[in-house]
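Okay, here's what each chain looks like letter by letter:
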Amino acid sequence: MNQRLTPQERANLLLAQLDLDQKMAQVSCYFPSDITQTADFVQRYPHGLGVVSALEARAALTLEEVAAFQRDVQSQAMVASGYGIPAIFHMEGLCGAYLPGATSFPSGLGRGASFDADLEERIGEVVGRQERALGITHTFAPVLDVTRDPRMGRHGESYGEDPTLVSALGVALTRGLQDQDEAGRRTEAVAKHFVGSHHTEGGIHGAHCDVPDRLLQEVYGKPFQAAITVAGLRGIMPSYNSVGGEPVSASQRLLRTLLREQMHFDGLMVSDYGAIENLHTVQRVAPSPADAGLAALRAGMDIEQHVPYGYSSPLRERFAQGRADIALLDRAVREVLTAKFRMGLFEHPFATEPQERNRTFSVAADTELAVQSARESLVLLRNDGVLPLRPGLRRIAVIGCHAASARFFFGGYTHYSMAEGKLAVNSSMAGLTTSGEDARTITSTVPGTSIEASDSPVFEELLQRQQPGIKTLLQELQDRLPNTEVSWAYGYPIAGDDDSAHAEALALAADADVVLLTLGGKHGTASIASMGEGIDATNINLPRCQEELIVKLAALSKPLVGVHLDGRPVSSDAADAHLAGLVEAWSPAEGGAEAIVDVLTGAHGPSGRLPVSVARSAGQVPVYYNHPHGSAWHQGGSVGFAEYVDAPHTPRYPFGFGLSYTTFAHTDLVLSAREVEAGDTLDVTVRVTNIGERAGVEVVQLYVSDRFASISRPVVELAGFRRVDLQPGQSTEVHFALQVSQLAFLDADMRWRVEAGEVDLMVGTSSNDLTLRETVTITSDAVIDGAHRGFYA
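Residues numbered from 1 in each chain as written. Predicted model: local features only at pLDDT ≥ 70, side-chain atom pairs only at ≥ 80, totals over all residues. Heavy atoms only, no water.

A. Main features of the overall build of the protein. Counting secondary structure elements, the protein contains 23 helices and 28 strands. In terms of C-alpha radius of gyration, the protein reaches 26 Å, essentially the compact-globule figure of 28 Å for 793 residues. When its C-alpha atoms are laid out on the principal axes, the protein stretches across 80 × 65 × 50 Å. Long-range contacts, defined as pairs at least 24 residues apart, comprise 78% of the intrachain contacts of the protein with a sequence gap of at least 6. (Helix = DSSP H or I, 4+ residues; strand = E, 2+ residues; numbered from the N terminus. Rg over C-alpha atoms; globule rule 2.2 N^0.38 Å. Contact = heavy atoms within 4.5 Å.)

B. Highlighting the side chain of Thr187. Note on placement: Thr187 falls in the loop between α7 (163–177) and β5 (188–194). Thr187 gets classed as buried once you look at its relative accessible area, which sits at 1%. Within the structure, Thr187 has its side chain in polar contact with the side chain of Arg132 (distance 2.8 Å). (Buried < 20%, exposed > 50% of the residue type's maximum accessible area, 1.4 Å probe, protein only. Polar contact = N/O pair within 3.5 Å; in protein donor to acceptor, adjacent residues only side chain to side chain.)

C. The packing of aromatic side chains, seen in detail. Here the structure, examined in full by the defined rule, presents 13 aromatic pairs. With centroids separated by 5.0 Å and ring planes inclined at 65°, the aromatic side chains of Tyr30 and Phe41 adopt a geometry described as edge-to-face. Placement of the pair is Tyr30 in strand β1 (residues 29–30) and Phe41 in helix α3 (residues 41–44), with a sequence separation of eleven residues. Of the two residues examined, Tyr30 and Phe41, each falls in the buried class. By the ring-pair criterion, three or more aromatic residues cluster together here, those being Phe115, Tyr625, Phe655, Tyr703 and Phe721. One Lys or Arg, Arg789, reaches over the ring of Trp752 and ends 3.9 Å from the middle of that ring. (Phe/Tyr/Trp six-rings, centres within 6.5 Å; stacked < 30°, edge-to-face > 60°. Lys NZ or Arg CZ within 6 Å of the ring centre and 35° of its normal.)

D. Spatial organisation of the environment of Gly592. Along the chain, the position of Gly592 falls in helix α23 (residues 592–601). With relative accessibility at 0%, the residue Gly592 sits in the buried group. Sequence spacing of Gly592 and Leu378 is 214 residues, and the spatial spacing of their C-alpha atoms is 9.6 Å. Ignoring anything within four residues of it in the chain, the contact list for Gly592 reads Ala374 and Phe409.

E. Molecular detail of the nonpolar core. Counting 79 residues, the largest nonpolar core has Phe194, Ile236, Leu259, Tyr311, Phe319, Leu337 and Leu718 as the members making the most contacts within it. Not counting residues within four places of it along the chain, the set of residues in contact with Phe319 comprises Leu20, Met24, Leu297, Ala324, Asp325, Ile326 and Leu329. With 50 residues, the next largest nonpolar core counts Ile35, Val51, Ala60 and Phe89 among its residues. (Core = buried A, V, L, I, M, F, W, Y, C linked by side-chain atoms within 4.5 Å.)

F. View of the sheet that holds strand β25 (residues 752–754). Strand order in the open sheet formed by three strands is β24-β25-β28, with antiparallel pairing between adjacent strands. Of all strands in the sheet, those with a lone pairing partner are β24 (745–746) and β28 (782–783), marking the two edges. Two elements, β25 and β28, share two bridges in a ladder whose sense is antiparallel. Within β28, the residue paired with Val754 across the bridge is Ala782. (Pairing = 2+ DSSP bridges.)

G. Region of interest: the pairing of strand β6 (residues 235–238). Burial along β6 is two-sided: Gly235 and Met237 facing one way and Ile236 and Pro238 facing the other are all buried. Pairing geometry for β5 and β6, over four bridges, is parallel. Paired with Phe194 across the strands is Pro238, a residue of β6. As judged from the two bridges shared by β6 and strand β9 (residues 268–269), these two strands associate in the parallel manner. Looking at β9, one finds that Gly235 is bridged to Leu268.

H. Representation of unusual backbone geometry within the structure. For the bond running from Phe194 to Val195, omega is 5°, close enough to zero to count as cis. Looking at the secondary structure, you find Val195 in the loop between β5 and α8 (213–220). A cis geometry characterises the amide bond from Val621 onward to Pro622, with omega recorded as 0°. Examined against the element boundaries, Pro622 turns out to sit in the loop between α23 and β18 (664–671). One non-glycine residue with positive phi stands out, namely Tyr413, at about 75°. Positive phi values are uncommon outside glycine, yet Trp586 reaches one of about 55°. Mapped onto the fold, Trp586 is located in strand β17 (residues 581–586).

I. Representation of the sheet that holds strand β27 (residues 769–778) in the model. Ordered in space as β19-β27-β26-β21-β22, the five strands form an open sheet in which the pairing is mixed. Each edge of the open sheet is held by one strand with a lone partner, namely β19 (675–676) and β22 (717–726). Bridge analysis of β19 against β27 gives two bridges, and the strand direction is parallel. Bridging from a neighbouring strand, Val676 pairs with Ile778 of β27.

Quick look at the structure:
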């Protein structure tokens, strides 16, 4: 308890006092299925434990209920441990805390579309503060997966397809989360999911991945390395999948050699829920639970979540009998205890008292931040001049199921989505998937699909309980446009081929000045969602019921505007052919209605940019802008035709793309030097001017392209970005500091090398519109430490 000692020194002193049972307890997790029923805790964990899941706080009605649970379990754990050792309480944090009254933020792709690292750090500060107030100091975020497959149900959790974008935003969120409160209680972020989990075969969650080492480290590993090196990331959760035949959770090559030794990660590693059990029951690389646990320990896994399976009594007996090396267990326990000392849990083990909690948990600025995040996430994809909506419209016809319920604003891993999932017939969350014997028959489905219909009033009642007074898109439009008749028709469901409501929608649209369609599915959890964790798809386009109504409405010759809500970007031939305006809104959470109407009416201009390339169909997957020379739409004329026989090679919409209500000019690209070496930093300056008639935000994007290299390199790569807010006629200079080491790549011997040669630097409005170009020469080769290279300008 001597606070003058380092956390490591204190952990070593405590470890020396623990017996085998106490050590095993410290690598275990308690998962209460009901936070009000914890009377059996000491019976199940008589020697204390390492961590407690606070996931089921998603069902709590009050903060005091959660605080009482935390204090009760923490008190029992400390007494049972024999040495007053507190437990770490963990909770998800991608879109906010699962707590009553907590702030909910947009999905990962939505926040990726903001290209706003400053905003992301502020979001991290809010999430960390709100969870720490309830004694929760392990936050499962950021999601550092690079995603290139929209078939995968978890596509919407990632920041995007580009490792530089994911790195910059992931570092920012980590910095915000890993803050401390006034008393000294400190959050540690747990980045997910190391590594390559979105590269699975078939876009199927948790499936096998064949990821070449160079791709794994340069692309999928880069955001993790950036968070470790730049932000001091303290926690990592390995992914469920196998890489090259090795389940990541038991891979010494990936977790010990790569992550701990080469990437210098020195924090706490925790399993995903049920991942160690999967080694035995799913991937079948361990013949028994004890073998599964031993394999994970050997790889460097410190804690098993969410219940003891591999780290249980059979493994304990192996240690007791000398059939397993106790040093493996000691190493893991030392990491757990060190983390607890770092977090300040020995001094501050409990949730804050009500008075302090009420003062710090939530402030007005948190809600404003959620609206700002939603607003910045919106991407204007099409506009023939219909947007912003002109004043004085007589009638607007609003069509689509999404417009009449705010439930569709909340994507997977928001508090509402996770609480809503408990009302569904069957769960889809890995580790919590409904077992065969517990699965129930879905009696009502969305026509033409196996998706459970969620039209019961209990879902809406839950939303109003969590988000009192939250407005639907329809209500927000009616309130903001009091002189316009805004009417609604159902039109279609979230999926399938049901056209039974088309006639009503067509009749409403016939007398409207503008027709506004809400499009997309339901990004969420369990059997009520059309995409989410464990809810993958082969069709990435709009469902037939929506696609066909767009075509029918086009025959009316009315201006059609689409607002798309989902966890993957909109991809629709009918939308491209017939919509006058199209806004990608992702899953905007609690600020959704206000933000969308802000953009539709022009109260705020659209400023989001696509964080992914949009595939035309699943048959084009993967399609990504930073492909190597000789690939995709840079295939080469001597190799084959320039297009597919039935579609272009290019994406529907390119990475970085997004329209504005004004126009920007980029001029005067200036480099601080024409020749550089590996250790240099190159200053890049560009002037940006708003030459339009409205205020607006430009996202200035800096790209690089290695002209010739010893390894085939990407055609073009994002190097840095910056949002600038400019009034009409206003001009500003944007300065980038580009470390030359950011241009390093793995050479033929898998060493990080900055290679001599010419590199083009380009600035523009998207990966497909780069209007300015200058060239710098790297004068000599250098092999560097990849863990300390540059990650983003």
